[in-house]
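Single-letter residue listing:
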Amino acid sequence: MTKTRSLLLGLAALALSTPTAFAASFVNGSFEDGTTTGWTTGGGFRGSTPNSSLTPASVLPGGALNSDTGTRSAVIGTSYVDPNLGAALGTTVYSGNHAYRAEDTTSGGYASAISQTVVGYTDPTIFFAWKAVLENGGHSADESALLRITLRDDTTGTDLVTRTYNAGAGGGGVDARFSVLGGLYYTPVWQIEQLNIDASLSGHTFTLSLLAADCEPQGHTGYAYLDGFGSVLPPPTTNVPEPASLALYGVGMLGLGFARRRRAKKPLA
């Protein structure tokens, strides 16, 4: 009996001393800390740079247009309301308590970018979510407000997800993801991007980069929201029941009230 007990205690001690085989999943790229830890941010004046030459790298540290650390951008919370579209844009945080707004919400001819690299990625999927607001000033596609997103496989040098939209005249620079209000093209619904990591991609290094820019003539705004970068897409932020749920809840409460009345009126035996 004593030997058996000693063996069990020894196995328990070994189990406690052995590192776990499972690492925590990569969730939301650190925004939930209320910071940009792990990200690289930057920005600068785009000047006369056409959209065809404007990339995240050009305004991130070391880029030809970089002049700041992204001071016009910010981590935002669930109480943040888009100042140009308000309720029309909907939530500015996809999930949890924080998201990131790239570039400010006014005009001025500036661009801002954010980027993060994950090394040796082995989770089965990678997600991110975005929204954008691009003001249409009637400019050409190469001059107008711009959004550019890239998820790149650095191991192979391949762009796996690319999204490029501009607010050029005629609406040719956007697609069905966007609605229009006044002179603003915007995405009222969070756009969810998903990449499945199969055997051919497992263990690779990936970089997500997002750039948002005002128009080149400086009179129109362009900005974007980024959230949910990770291996597990969390549920969307919501604190209000859907109308159908409220109706069912009301019917249920009404039925409960009737049942209580019947019980109260029932004579004692």
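About the criteria used
- Residues numbered from 1 in each chain as written.
- Predicted model: local features only at pLDDT ≥ 70, side-chain atom pairs only at ≥ 80, totals over all residues.
- Heavy atoms only, no water.
- Phe/Tyr/Trp six-rings, centres within 6.5 Å; stacked < 30°, edge-to-face > 60°.
- Helix = DSSP H or I, 4+ residues; strand = E, 2+ residues; numbered from the N terminus.
- Buried < 20%, exposed > 50% of the residue type's maximum accessible area, 1.4 Å probe, protein only.
- Salt bridge = Lys/Arg side-chain N within 4 Å of Asp/Glu carboxyl O.
- pLDDT = per-residue confidence, 0-100.
- Contact = heavy atoms within 4.5 Å.
- Pairing = 2+ DSSP bridges.
- Core = buried A, V, L, I, M, F, W, Y, C linked by side-chain atoms within 4.5 Å.
- Axes fitted to C-alpha atoms, helices over the stretch in contact; angles between N-to-C directions.

1. Concerning the packing of aromatic side chains
Point 1. Taken as a whole, this structure holds eleven aromatic pairs when the rule is applied.
Point 2. Between the aromatic rings of Phe31 and Tyr100, the centroid separation amounts to 5.8 Å while the plane-to-plane angle is 5°, which identifies the pairing as stacked. Taken as a pair, Phe31 in the loop between α1 (2–17) and β1 (40–45) and Tyr100 in strand β3 (residues 98–102) lie far apart in primary sequence, 69 residues in all. Across the pair, exposure class does not vary: Phe31 and Tyr100 are buried alike.
Point 3. For the ring pair Trp39 and Phe229, a centre distance of 5.6 Å and an interplane angle of 50° mean the geometry is tilted. Of this pair, Trp39 sits in the loop between α1 and β1 while Phe229 sits in strand β12 (residues 222–230), and the two are 190 residues apart along the sequence.
Point 4. Each member of the aromatic cluster is reached from another via a ring pair, and the members are Phe31, Trp39, Tyr100 and Phe229.

2. Section: the pattern of salt bridges
Point 1. Across all of its chains, the model carries six salt bridges by this definition.
Point 2. Here Arg72 makes a salt bridge to Asp68, at a shortest N to O gap of 2.9 Å.
Point 3. Assessed through its relative accessible area of 14%, Arg72 is described here as buried.
Point 4. Glu193 is the salt-bridge partner of Arg177, the closest N and O atoms lying 3.3 Å from each other. Here Glu193 lies in strand β10 (residues 191–196) and Arg177 lies in the loop between β7 (158–166) and β8 (179–181), a separation of 16 residues in the sequence.
Point 5. We classify Glu193 as buried; its relative accessible area is 5%.

3. As for unusual backbone geometry
In most cases, non-glycine residues show a negative phi, while peptide bonds are predominantly trans.
Point 1. One non-glycine residue, Glu103, lies in the positive phi region at around 80°.
Point 2. Examined against the element boundaries, Glu103 turns out to sit in the loop between β3 and β4 (110–121).
Point 3. Of the residues examined, Glu103 reaches a relative accessible area of 0% and is grouped as buried.
Point 4. Residues other than glycine seldom take positive phi values, yet Gln218 does so here, at roughly 80°.
Point 5. Tracing the backbone shows Gln218 in the loop between β11 (204–213) and β12.

4. A few points about the confidence of the model for the protein
Point 1. Across the protein, the average pLDDT comes to 83, with 77% of residues at 70 or higher.
Point 2. Note on residues 239–269: pLDDT is under 50 here. Beyond four places in sequence and across chains, it has one contact.

5. Some words on the pairing of β7
Point 1. Across eight bridges, the pairing between strand β6 (residues 146–153) and β7 is antiparallel. From the neighbouring strand, Leu147 faces β7, where its bridge partner is Tyr165.
Point 2. The hairpin turn running from β6 into β7, its antiparallel successor, is four residues long, and Gly157 in that turn takes a positive phi close to 70°.

6. Some details on the nonpolar core
Point 1. Counting residues in hydrophobic clusters, the biggest one holds 32 residues, and the most contacted among them are Phe128 and Leu147.
Point 2. For this core, the secondary structure elements donating two or more residues are β3, β4, β5 (125–135), β6, β7, β11 and β12.
Point 3. With five residues, β5 is the single largest residue contributor to this core.
Point 4. Not counting residues within four places of it along the chain, the set of residues in contact with Phe128 comprises Ile149, Leu151, Val161, Gln191, Ile192, Glu193, Leu208, Leu226, Asp227, Gly228 and Phe229.
Point 5. In this structure, Leu89, Leu184, Trp190 and Tyr225 belong to the second largest nonpolar core, which totals 13 residues.

7. Side note on the pairing of β3
Within a regular strand, the side chains alternate between the two sheet faces.
Point 1. Taken across its five residues, β3 has four buried, putting it largely inside the fold.
Point 2. Examined bridge by bridge, strand β2 (residues 74–77) and β3 share four bridges and lie antiparallel to one another. For Val75, the partnering residue across the bridge sits in β3 and is Tyr100.
Point 3. Taken together, the three bridges between β3 and β12 define a ladder with antiparallel strand orientation. Bridged to Tyr100 within β12 is Leu226.

8. Description of the sheet that holds β6
Within a sheet, adjacent strands bond to each other through the backbone by hydrogen bonds, running parallel or antiparallel.
Point 1. On the basis of which strands lie adjacent, the open sheet formed by five strands has the order β1-β4-β11-β6-β7 and antiparallel pairing. Each having just a single partner strand, β1 and β7 make up the two edges of the open sheet. Averaged over all adjacent pairs, the angle separating strand axes in this sheet is 10°, with direction ignored.
Point 2. Pairing between β6 and β11: eight bridges, direction antiparallel. Within the sheet, the bridge partner assigned to Arg148 lies in β11 and is Leu211.

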